[in-house]
Amino acid sequence: MAQTKPEAPVVDIHTHMYPPEYVSILSSRDTIPLVRTFPSSPDPRLILLEAELPALERALQDPSAPLPGRPLTKHFTSLPHKLAFMSHHAISISVLSLANPWLDFLSPAEAGPIASQINTSFESMCATTNTTTTTNPTQQQQPQKLFFFGTLPLTAPTPTLLSSITHLTTLPHCRGIILGTSGLGAGLDDPSLLPLFAALADANLPIFLHPHYGLPPSVFGPQSARGDYGHVLPLALGFPMETTIAVARMYLVGVFDAVPGLRLIIAHAGGTLPFLAGRIESCVVHDLKLGGGAGKERRTVWEVLREQVYLDAVVYSEVGVRAAVEAAGGADRLMFGTDHPFFPPVDGDAEGEWESVRWNVTAVEKALGKGSREAEMVLGGNAVRVLRLVEE
Ligand code: URA
Ligand code: ZN
């Protein structure tokens, strides 16, 4: 009997949620990150970033001022909305992660139990979905599957932190962890992080490195500090630069040599690393005599990128995708993502097509050839292989 080629799966590795217990925490806070309701808005507002503070202050004083932050729609919190979004965009597998700023702001005592609760909540969303969803023949070829990146209680004492990694290894749908750039509070070149990086490498849990803090608003000038340019400068430039600085610091302190089994998946196509890796490498050669771990020769920034790093393809242009493929050492090291539920449709119909998704798909297809093996790998095959996205 003739065999038809199964559709190549589309896998979204950059897709966030806030489970209800996390929203309750944000709703009880009065410093960022927080959730606040305003009489003029049907949805509560989610206020996460320092850049959103001027608008928050104005809105609290003047009910007619523009609303701060962004609407906390059902797309952030509801599993049916996530699955509908996936169906609408023919995404058959998603690797969910808690959105920023994760658990970075919790007290040491509460971080461990809350991490455990949130990771269990993600596991149960995946388990329920993977056993109950069936193929909808009108919309897609493949049944929907979910996996997730866990969240660590970074403010908790080290034993709690390490036992949270052990907990993640018992959750069948966990495929790594999402991590911001602050680490234990002193950045990712902090030597105190080495036991954590080693434990993650031993557990075969890659780090999905994601920005949150951006750059100080003053960097962008007084107009931006007043909020005049909205999210453009902090999100388009601050986020990628923050990521770039964090990875450069990890490289400079020798994390990659100290933990050769560590794997990093860097958000937003590596921030600005594909463009700046050469400059970092040149400055290292001219300025520092970096040794390699265990008496080995120093590996260049390029070698580390090609041996221990994967990049997502959330970069919205084929120019960025081409640069990311070059920097990561091939199309087998790039993985598609959407950043759902951030960047909803500009016309407001969040149940329809999200142009931000189309831009990322088109970027991959233009850079690598629509229907090409490389494009299929980036759109899904690489994630299935690297993150073992098959039920065990
Ligand atoms: N994308 C994210 O993941 N987080 C933000 O805060 C904004 C965009
Ligand atoms: Zn994101």
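What counts and what doesn't
- Residues numbered from 1 in each chain as written.
- Chains lettered and ligands numbered in written order.
- Predicted model: local features only at pLDDT ≥ 70, side-chain atom pairs only at ≥ 80, totals over all residues.
- Heavy atoms only, no water.
- Buried < 20%, exposed > 50% of the residue type's maximum accessible area, 1.4 Å probe, protein only.
- Helix = DSSP H or I, 4+ residues; strand = E, 2+ residues; numbered from the N terminus.
- Contact = heavy atoms within 4.5 Å.
- Pairing = 2+ DSSP bridges.
- 1 Å grid on protein atoms, 1.4 Å probe; cavity = no way out; pocket = protein on both sides within 12 Å on 5 of 7 lines; lining within 4 Å.
- Points joined across faces, edges and corners; volume = space filled by probe spheres on them.
- Nonpolar A, V, L, I, M, F, W, Y, C, P; charged D, E, K, R; others polar.
- Expected span 1.5 Å × (residues − 1).
- Arc of directions from axis to C-beta.

Among the residues making up helix α4 (residues 79-88), those that are buried are Leu79, Lys82, Leu83, Phe85, Met86 and Ser87. Looking at the buried side of α4, the elements it contacts are β1 (11-17), α3 (74-77), β5 (93-98), α5 (108-132), β6 (145-151) and α14 (355-368). The first or second residue beyond α4 is Ala90, which carries a positive phi of 55°.

Another point: the sheet that holds strand β2 (residues 34-36). The strand order across the open sheet formed by 3 strands is β2-β3-β4, and the pairing between neighbours is antiparallel. Either end of the sheet is taken by a strand with one partner, and the two such strands are β2 and β4 (70-71). Note that strand β3 (residues 45-47) and β4 share 2 bridges and pair antiparallel. Its bridge partner being in β4, Arg45 is matched across the sheet by Pro71.

As a further point, take the pairing of β5. Most of β5 sits out of view: 6 of its 6 residues are buried. Covered by surrounding structure in β5 are Ile93, Val95 and Ser97 together with Ser94, Leu96 and Leu98, the residues of both alternating faces. Pairing analysis gives 5 bridges linking β1 to β5, with the strands arranged parallel. When the sheet's bridge partners are listed, Asp12 is paired in β5 with Ser94. Pairing of β5 with β6, which is carried by 5 bridges, proceeds in the parallel orientation. Note that in β6 the partner of Ser97 across the bridge is Phe149.

As a further point, take the layout of surface pockets. Roughly 700 Å³ of volume is contained in the largest pocket. Lining the largest pocket we find 32 residues, and of these Ala236, Pro240, His268, Val314 and Tyr316 sit closest to its centre. Here the lining of the largest pocket is composed, by residue class, of 21 nonpolar, 8 polar and 3 charged.

For helix α6 (residues 158-169), built from 12 residues, the straight-helix expectation of 16 Å at 1.5 Å per residue is met to within 8% by its first-to-last C-alpha distance of 17 Å. If you check which residues of α6 are buried, you get Leu161, Ser164, Ile165 and Leu168. Buried residues of α6, viewed axially, fall in a sector of 100°; they line one side. Looking at the buried residues of α6, the elements they touch are α5, β6, β7 (174-179) and α7 (194-202).

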